[in-house]
Amino acid sequence: METEQSLVDKYELLGCIQCGKCSAGCPVSLNGPLNIRRLIGRITVDGDLKPVFEQPELWDCTSCSVCTQRCPRGLEPHELIIAIRSALAEEGNIPATARDALESTFKQGNPYGQVRNNRADWANDLAIKNFSRGDRAETLCFVCCAASYDPRVQEVARSLASVFRHAGVDFAILGNEESCCGNEIRRLGEEGLFEML
């Protein structure tokens, strides 16, 4: 597990001037108990990671990186939260919903728990080229898990395909061979699964 000193050094936490711009711009801090400025203060001043690692609100962070964008010192507070989550994930100390999404991504290639063989169903009636069937194209359109499985977002993928066609883009998808890109997996702190993906 990360030590207080390794976190302080790696993320240059002593450079934090406690201005509060990070937490003032955080959409989660504005409506909940997570406060990245206080979290950094606890690590650098108190030097005790146990209470920091026991905060359930660490999982509330969306890792949108607004805190990083607003930091006048160029620190990366959202990466600190990801590092803490990573240490917690290594111990198996994660919320059940995150655990289920990680397990589903490992087994089915998506965090939704949907069957991998249904990934390209959104495109069934569109006659889109598919690399997994041996089709050839100049451009790969990586659709993502949400657009593959969420009916509300599937319309975005269908519209994008229409725009590509009208623009004359020669594209194909990976079809059912496409797997999660791992973006959310990394943000949850599961570095091993992220690297595997």
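Calculation criteria
Residues numbered from 1 in each chain as written. Predicted model: local features only at pLDDT ≥ 70, side-chain atom pairs only at ≥ 80, totals over all residues. Heavy atoms only, no water. Salt bridge = Lys/Arg side-chain N within 4 Å of Asp/Glu carboxyl O. Buried < 20%, exposed > 50% of the residue type's maximum accessible area, 1.4 Å probe, protein only. Phe/Tyr/Trp six-rings, centres within 6.5 Å; stacked < 30°, edge-to-face > 60°. Helix = DSSP H or I, 4+ residues; strand = E, 2+ residues; numbered from the N terminus. Pairing = 2+ DSSP bridges. Axes fitted to C-alpha atoms, helices over the stretch in contact; angles between N-to-C directions. Left-handed = near helix turned anticlockwise from the far one by under 90°. Contact = heavy atoms within 4.5 Å. Nonpolar A, V, L, I, M, F, W, Y, C, P; charged D, E, K, R; others polar. Patch = residues over 30% accessible without salt bridge, like charges linked within 9 Å, V, L, I, M, F, W, Y side chains within 5 Å. Areas by Shrake-Rupley, 256 points an atom, 1.4 Å probe, with all protein chains shown as cover. Expected span 1.5 Å × (residues − 1).

Draft legend 1. Broad picture of the pattern of salt bridges. Counted according to the given criterion, the structure contains 10 salt bridges. Here Asp135 makes a salt bridge to Arg133, at a shortest N to O gap of 3.3 Å. Between Arg152 and Asp150 there is a salt bridge whose closest N-O contact spans 2.7 Å. On the basis of relative accessible area, Arg152 is assigned to the exposed category, the value being 69%. Among the charged side chains, a network of salt bridges with common partners joins Asp125, Glu155 and Arg158.

Draft legend 2. A look at the packing of aromatic side chains. Applying the stated criterion across every chain yields a total of 2 aromatic pairs. Between Tyr112 and Tyr149, the ring centres sit 6.4 Å apart and the planes meet at 50°, which makes this aromatic pair tilted. A residue pair is termed long-range when its members are at least 10 positions apart, and Tyr112 in the loop between helix 7 (96-108) and strand 1 (129-130) and Tyr149 in helix 8 (residues 145-149) qualify at 37 residues. For Tyr149, a relative accessible area of 11% gives the class buried. Residues Phe164 and Phe171 carry aromatic rings whose centres are separated by 5.1 Å and whose planes lie at 65° to one another, so their mutual orientation is edge-to-face.

Draft legend 3. Main features of the sheet that holds strand 3 (residues 171-173). The strand order across the open sheet built from 3 strands is 1-3-2, with neighbouring strands paired in parallel fashion. Strands at the two margins of the open sheet, each flanked by one partner only, are strand 1 and strand 2 (139-140). Relative to strand 3, strand 2 is paired through 2 bridges, and the arrangement is parallel. If you follow Leu140 over to strand 3, its bridge partner there is Ala172.

Draft legend 4. The arrangement of the packing of helix 3 (residues 36-46) against helix 6 (residues 77-90) in detail. Where helix 3 contacts helix 6, the two axes come as close as 11 Å, and the packing angle between them is 65°. Crossing geometry of helix 3 relative to helix 6 is assigned as left-handed. Along its contact with helix 3, which presents Ile36, Leu39, Ile40 and Ile43, the element helix 6 presents Pro77, Leu80, Ile81 and Ile84. Tallied by class, the residues present in the contact of helix 3 with helix 6 amount to 8 nonpolar, no polar and no charged.

Draft legend 5. Focus on unusual backbone geometry. In the Ramachandran plot, Ser65 falls in the positive-phi region, its phi being about 75° despite a non-glycine side chain. Looking at the element boundaries, Ser65 is found in the loop between helix 4 (49-53) and helix 5 (66-70). On the basis of relative accessible area, Ser65 is assigned to the buried category, the value being 16%. You will see that Ala127, though not glycine, has its phi angle at about 55°, which is positive. With respect to the helices and strands, Ala127 occurs in the loop between helix 7 and strand 1. When its relative accessible area of 73% is taken as the criterion, Ala127 is described as exposed.

Draft legend 6. Spatial organisation of a nonpolar patch on the surface. Together, Phe106, Met196 and Leu197 give the surface a local cluster of nonpolar side chains, amounting to about 300 Å² of exposed area. The topology assignment puts Met196 in helix 11 (residues 191-196).

Draft legend 7. Molecular detail of the environment of Ile43. Tracing the chain through its elements places Ile43 in helix 3. With 111 residues separating them along the chain, Ile43 and Gln154 place their C-alpha atoms 43 Å apart.

Draft legend 8. Seen up close, helix 6. Between its first and last C-alpha, helix 6 extends 20 Å over 14 residues, near the 20 Å set by a 1.5 Å rise per residue. A large share of helix 6 lies buried, amounting to 13 of its 14 residues. Directly beyond the C-terminal end of helix 6, a positive phi value near 80° is found at Gly92.

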